[in-house]
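# Coordinate analysis (summary)
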Amino acid sequence: MKNRNWNYYIVAFTVLLLLSACRDEKLEGALSLSGDNRQELENVLAHYKGDDLKYKAACFLISNMPGHGRYDSLSIKPLQPYYDKLRAISAGYGWEKTTAWRDSTNAYWEKVRPMALSRLSGMKADVNNLKGEWLIREIDLAFKAWQENAYSRSVSFDEFCRYILPYRIHNGICADDSRSVFYEANAGWFADNKEDFRIKVDSLLYRYKHLVHNDFAAASMPLLSFGAFQYLKRGLCDDRCKFNVALLSALGMPVVQDFVPVWGNRNGGHSWNAIVLNEESYPFEAFWDEDRWKYKKIYDNECFDLLWGKFRLPKVYRYTYEANICGPLGDQSVKRADIPPLFLNPFIRDVSSQYFKTTDVEVEITEPMPDDARYCYLCVFANKQWQPVQWGKIGDNGKVVFQGMGRDIVYLPMFCKSGMLKPAAPAFLLSQEGVYKEAACSEEKTAVTVRNYTSYLFPDEIEEAKKTLLGAYLLGGNDLNSSFTDTLSCLTDSMDAWRNDIGIGNPKGYRYIQLAVPGDSLGLCEILFYEQGREDKPVTGVKVSADLVPIKPFEKIGMMADNLSATGCIGTFNGKGNGRNIVWFDLQEARRITKITYIPYTKSYLYKGSDVELFYWDGSWVLAGSYKNNMNSYVTFDNVPKGTFYRVRDRIFTYEDGIISWY
């Protein structure tokens, strides 16, 4: 569906560019494009003469109509037999999303997909086909719901036009009576504001919790109406987001769909919804979830989710009905083939600053520029390729500024020529503090030890990594024979599956650090100690002792503090002492510890017999070495250049003092 829409946007681009002048010229331009449908649109304007707000609302819809289009009911009808079969398969498995259901669904869809998709006729332009009577009904219903909604009736008219009035924010969905259907089914839902609006939104969406994610089974089946989505009860995040926008806006609630085009630290992207009240965004998970309103926190590029781990977002965009012509799309000197697909969509707007602290990054072009290059694109690495997330105009000084970038992410500036991307400047890390750190491939060599090829863990893997450390205490002391009374930290559930930093205030001198574990087992990849005056380098030579028996024969307890995050040890204690089991870390002398870093034990993804390849970045990905893993836990690559970025399969990491930091 999205690939088809890009073609539609490209056709509509020239029209939109011509209409991006003042409001009256935009309106007249849209009417001039309507052809035989002009009278229908003129009838809408005439209908609202004398009603200032509704007339302005009609002008807003018609002015921004070029570029929008949809399939009609004639397109849906040929797809109905396929919808019927998919529904029958789901019903046959009791609507449970089992492996057998998924396999049956995919097998059927793969068999019929070419024929089903061939039955889709071309999209029809709204400006040439929407009937005046339908548009009047949409406008009247939108105003009625707006004034009946106790939470939104006081929002500005501009917000109403952007977030309640539009009949679509995506091309393809039929222009049907879904607004009236949703209104009649749920009228009065937001009639009073005695409760927080989020409670009301949750109670409404709970009624539709049976509409669930399709687990990517028959994922390319086009859902051309909200009725089709409800009929199949399965869809992608994008489908549910569209549904929520239609449902909530029909009841006068200002709602949008936001998305990250690609994550900064994992593959793929994601869409979700947000309520917008007085220009403040309140994002929530599109599908039903009892903890649906956490996105504002876990998408701030600083925190992490206890269930899913760390998310890093380079950009957040918002789908809009209103055209936003900017950058290369608004530059007539730039060929369409030289613009990445993301930026060929005029109906998106950058809202990154509503989610996280952003940084404007200035980069100097260091590579030869293609002929007529006017723009550069900032990319992140995902799915084994660099993918554009932002554009910047190249200045006369050979520099380019990328505005509003997310932090704690590795980026690469690239040119785009005829759809092909090539580097324009060195890759760099934009740190958590917003500091630019360029990759510098050094002549100095190092050994790189790895145990994983991804930073992404499933919830059960995260839970497993943390469970032996929950409730553990870190204590400091100087005498093995006396009790340790100085508690440095208690490890709670609020820990990342990867790196965790504990700041120690008012540091004292300790030779020994105890890790007191409540259970009979312990798994730890690494623990690091940083002392006052030398916070940039961890203490080395730490000795580990414990009555712990490693489960795996090739793991030793000393691997917990060997300054290698890719090694580690998981084991069981022989006995208990005072209700707790103890691991001792001997720092060799008393040291004023200001920070302790620990990395929970995660299972190795490098299974015995698997091929492991390590790449490093030197203007392109260079193979550092390839091994067949015989350790069943970790492998070490020797003579690898220091100071740059590294990659195993499709994830990037930095490597400093033996410690991996994933990006």
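The structure under discussion appears in the preceding block.
Now for a quick tour of the structure. (Residues numbered from 1 in each chain as written. Predicted model: local features only at pLDDT ≥ 70, side-chain atom pairs only at ≥ 80, totals over all residues. Heavy atoms only, no water.)

### What to know about the sheet that holds strand β28 (residues 611-617)
The strands that make up a sheet are held in pairs by hydrogen bonds between backbone atoms, and each pair lies either parallel or antiparallel. Quick note on the threshold: When DSSP finds at least two bridges between two strands, those strands are taken to pair. Here a strand is any run of E in DSSP of at least two residues, a helix any run of H or I of at least four, and the numbering for each starts at the N terminus. Under this scheme, a helix contributes an axis fitted over its contacting stretch, all axes are lines through C-alpha atoms, and angles between N-to-C directions fall in the 0 to 180 degree range.
Strand order in the open sheet formed by five strands is β29-β28-β31-β32-β33, and the pairing between neighbours is antiparallel. Strand pairing shows two members of the sheet lacking a second neighbour, β29 (621-628) and β33 (659-662), which therefore form its edges. Ignoring which end each strand starts from, the neighbouring axes of this sheet average 30° apart. Bridging between strand β32 (residues 651-656) and β33 involves four bridges; their strand directions are antiparallel. Bridge pairing in β33 links Y655 to I660.

### Focus on the packing of aromatic side chains
Note the threshold: Between the rings of Phe, Tyr and Trp (Trp by its six-membered ring), a pair exists once the centres lie within 6.5 Å; its type follows the angle of the planes, with under 30 degrees stacked, over 60 edge-to-face, and the other angles tilted. When a residue's accessible area, from a 1.4 Å probe over protein chains only, is under 20% of the maximum for its type it is buried; when over 50% it is exposed; and in between it is partly exposed.
Counted by the stated rule, this structure contains 44 aromatic pairs. On the numbers, 6.1 Å between centres and 80° between planes, the contact of Y151 with F190 is edge-to-face. Of the two residues, Y151 sits in the loop between α8 (132-148) and α9 (157-163) while F190 sits in the loop between α10 (178-186) and α11 (197-206), which places them 39 residues apart along the sequence. Relative accessible area serves as the criterion here: at 3%, F190 is assigned to the buried category. Measuring from ring centre to ring centre gives 5.7 Å for W272 and Y355, while their planes differ by 75°; the resulting arrangement is edge-to-face. Residue W272 is found in strand β6 (residues 270-277), and its partner Y355 is found in the loop between β9 (348-350) and β10 (359-364); the two are separated by 83 residues along the sequence. Neither W272 nor Y355 differs from the other in exposure class; each is buried.

### Side note on the packing of helix α3 (residues 38-47) against helix α4 (residues 52-63)
Between two packed helices, the angle of one axis relative to the other and the distance separating the axes together describe the packing. As a reminder of what qualifies: Roughly parallel here means an angle under 35 degrees, roughly antiparallel means over 145, roughly perpendicular means 65 to 115, and every remaining angle is called oblique. Whether two residues touch is decided by their heavy atoms; if any such pair falls within 4.5 Å, the residues are in contact. As a working rule, the residues Ala, Val, Leu, Ile, Met, Phe, Trp, Tyr, Cys and Pro are called nonpolar, Asp, Glu, Lys and Arg charged, and the rest polar, with Gly in that last group.
At a minimum axis separation of 8 Å, α3 and α4 run at an interaxial angle of 155°. One finds that α3 runs roughly antiparallel with respect to α4. Side by side, α3 and α4 meet where L41, V44 and L45 of the first sit next to Y55, A58, C59 and I62 of the second. In the contact of α3 with α4, the residues fall into seven nonpolar, no polar and no charged.

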